[in-house]
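# Results of the structural survey
The chain contents come next:
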Amino acid sequence: MSVCDSSAAQNKKTLSQNALFGMGNPLLDISAVVDKDFLDKYGLKPNDQILAEEKHKALFDEIVKKSKVEYHAGGSTQNSVKIAQWMIQEPHRVATFFGCIGTDHFGEILKQKAAEAHVDAHYYQQSQEPTGTCAACITGDNRSLVANLAAANCYNKEKHLDVDSNWSLVEKARVYYIAGFFLTVSPESILKVAKHVSDNNKIFSLNLSAPFISQFFKEPLMKVMPYVDIVFGNETEAATFAKEQGFETEDIAEIARRVQSLPKVNKNRQRIVVFTQGREDTVATVGDKVKMFPVLDIDQNDIVDTNGAGDAFVGGFLSELVQEKPLEECIRAGHYAANVIIRRVGCTFPEKPDFH
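As recorded in an unreviewed UniProt entry, the protein chain goes by the name Adenosine kinase, listed as coming from Onychostoma macrolepis. Regarding the protein chain, the relevant UniProt record gives this comment under Function (unreviewed entry): "ATP dependent phosphorylation of adenosine and other related nucleoside analogs to monophosphate derivatives." In its Pathway (unreviewed entry) section, the UniProt record describing the protein chain reads: "Purine metabolism; AMP biosynthesis via salvage pathway; AMP from adenosine: step 1/1."

Right under this line is the structure:
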C-alpha cells in the first residue's frame, strides 16, 4: 500500500457516520427572477432575509406563477450539511439533520432530496402545519428571501430531540452546526445540544444568519453564545451584531476580535470567528490575530444566483472541520463550495466536487 493509499484510508477511518450534526428549519425554496416593482410591492430590500408576515401571503401565490419558477430543497442549516456531505462524498450519512416538516407533498420532496444527498435526515413530522417554504426573489446578483416557516416553526424538543433514538444521534457527532434562524423556533433545543457539546469538549458552531436575529432575538442568541466555538456571519450581520451589542466600531476585523472575546464556557477551545464579505476577503480570527483570506476570482457573468453562497461556504468549511483539518483548509474549502454554488440556480451542485 502506497503512502497515498494509506492516508486516504486513514481519512475515511476518521470519518464516521453522523459525525456532523445540524438542526434547523427545513424549507422548500421557491425561487424566481423578479423585478424591482415586485420587491417594492411587498416592501422587500433587494438583499435581505425576513420572516413572512400577513402582507406577504399573496407573494407566495404570485411567485409560483412566474414563468421560470424553480423548487429546491432549502433551509439554511439543511443546505450547509448537504453541501458538507457532497464535499465529503464517502462515507454516506456523515451528516445528520433534524427539523420539522408537514405530512404533505412538499415534505415528501424534502425527504427525497435529503436521501438523494446522502444526508441522514430525521424529521419531526406533524400535521397541524404544512411544510415551510422560502420565496427567493432574485434580482441580478441579489436575492431577497422571505421565509414562511409554517411546520419548521413546530419543532418540538420533548417530542423529537429528547427521544432516546434521536438523542443518541446527537451524542454520536463531533461537530455541530445550527443557523441562527433556529433561535426563532426552539432555543431550548439549541441550548440542550450546545451544553452537551461544551461538556464533552466537542465543536459547536452557530451562524448569525440575518440582521433580524441580532436585533430581535438578542436574548436567546446571547444565551447560547457562551457555548459557541465557531461564529459564522457575513459583513451585514457582523455590523448589525456589533451595533446591537454596543461595540461602537464598524471595522470588521475589530468586530471579529470582540466577538471572539465574548464570555465562553469551554475554555479549552478559543472561539473562532469567520465573517464572509461576498467578493471581498473573508475575515477570520487565527489565534489572537485576525487574518484576511481572499475568495476565488469569478467573472461577474458566471454568477447565476448568489442565494446559498453563505450556506455553501459553511458547508465546505464543515466538511474539512469534521476531518480535523486546519482552519486555513476549512476556509479554502468554504470558498471553493461557494464558488461552485453561485454558478448555479438555488443551492444545487454538480455530481462530484473538484476540490484538492
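## Section: the confidence of the model for the protein chain
Chain-level statistics for the protein chain give a pLDDT mean of 93 and a share of 96% at 70 or above. Residue range residues 1-10 is modelled with pLDDT below 50. Its contacts to residues more than four positions away, or to other chains, number two contacts.

## Describing the environment of R271
Note that R271 resides in the loop between α12 (252-260) and β12 (272-277). Along the chain, R271 and T285 lie 14 residues apart, while their C-alpha atoms are 8.4 Å from each other. In this structure the side chain of R271 is engaged in a polar contact, spanning 3.0 Å, whose partner is the backbone oxygen of P263.

## Looking at the sheet that holds strand β4 (residues 70-74)
Read from one edge to the other, the open sheet built from five strands follows the order β3-β8-β7-β2-β4, with strand pairing classed as mixed. Of all the strands in the sheet, just β3 (48-51) and β4 have a single pairing partner and so form its edges. Between one strand axis and the next, the sheet turns through 20 degrees on average, direction left out of account. Sheet topology places strand β2 (residues 27-33) next to strand β7 (residues 132-139); seven bridges connect them, and they run parallel.

## Describing the sheet that holds strand β13 (residues 280-286)
With respect to topology, nine strands assemble into an open sheet ordered β6-β5-β1-β9-β10-β11-β12-β13-β14, the strand pairing being mixed. Lying at the two open borders of the sheet, with one neighbouring strand each, are β6 (120-126) and β14 (289-293). With strand direction ignored, the average angle separating the axes of adjacent strands in the sheet is 15 degrees. Lying over the sheet, helix α8 (residues 187-199) contacts β1 (20-23), β9 (175-179) and β10 (203-207), oriented at roughly 145 degrees with respect to β10.

## What about the UniProt feature "active site" (unreviewed entry) in the protein chain?
Feature annotation in UniProt places "active site" (unreviewed entry) on D311, given in this structure's numbering. By the secondary structure assignment, D311 is in helix α13 (residues 309-321). Residues contacting D311, with those up to four places away along its chain left out, are S76, N79 and S80.

## With respect to the packing of helix α4 (residues 76-88) against helix α14 (residues 327-341)
As a packed pair, α4 and α14 sit with axes 11 Å apart at the nearest point and diverge in direction by 105 degrees. Viewed along their axes, α4 and α14 adopt a mutual orientation that is roughly perpendicular. Contacts from I83, W86 and M87 of α4 reach α14 at A333, Y336, A337, V340 and I341. A class-by-class count of the residues in the contact of α4 with α14 yields eight nonpolar, no polar and no charged.

The rules behind each value
Residues numbered from 1 in each chain as written. Predicted model: local features only at pLDDT ≥ 70, side-chain atom pairs only at ≥ 80, totals over all residues. Heavy atoms only, no water. UniProt positions renumbered as here; feature names shortened; annotations may be inferred. pLDDT = per-residue confidence, 0-100. Contact = heavy atoms within 4.5 Å. Helix = DSSP H or I, 4+ residues; strand = E, 2+ residues; numbered from the N terminus. Polar contact = N/O pair within 3.5 Å; in protein donor to acceptor, adjacent residues only side chain to side chain. Pairing = 2+ DSSP bridges. Axes fitted to C-alpha atoms, helices over the stretch in contact; angles between N-to-C directions. Parallel < 35°, antiparallel > 145°, perpendicular 65-115°, else oblique. Nonpolar A, V, L, I, M, F, W, Y, C, P; charged D, E, K, R; others polar.

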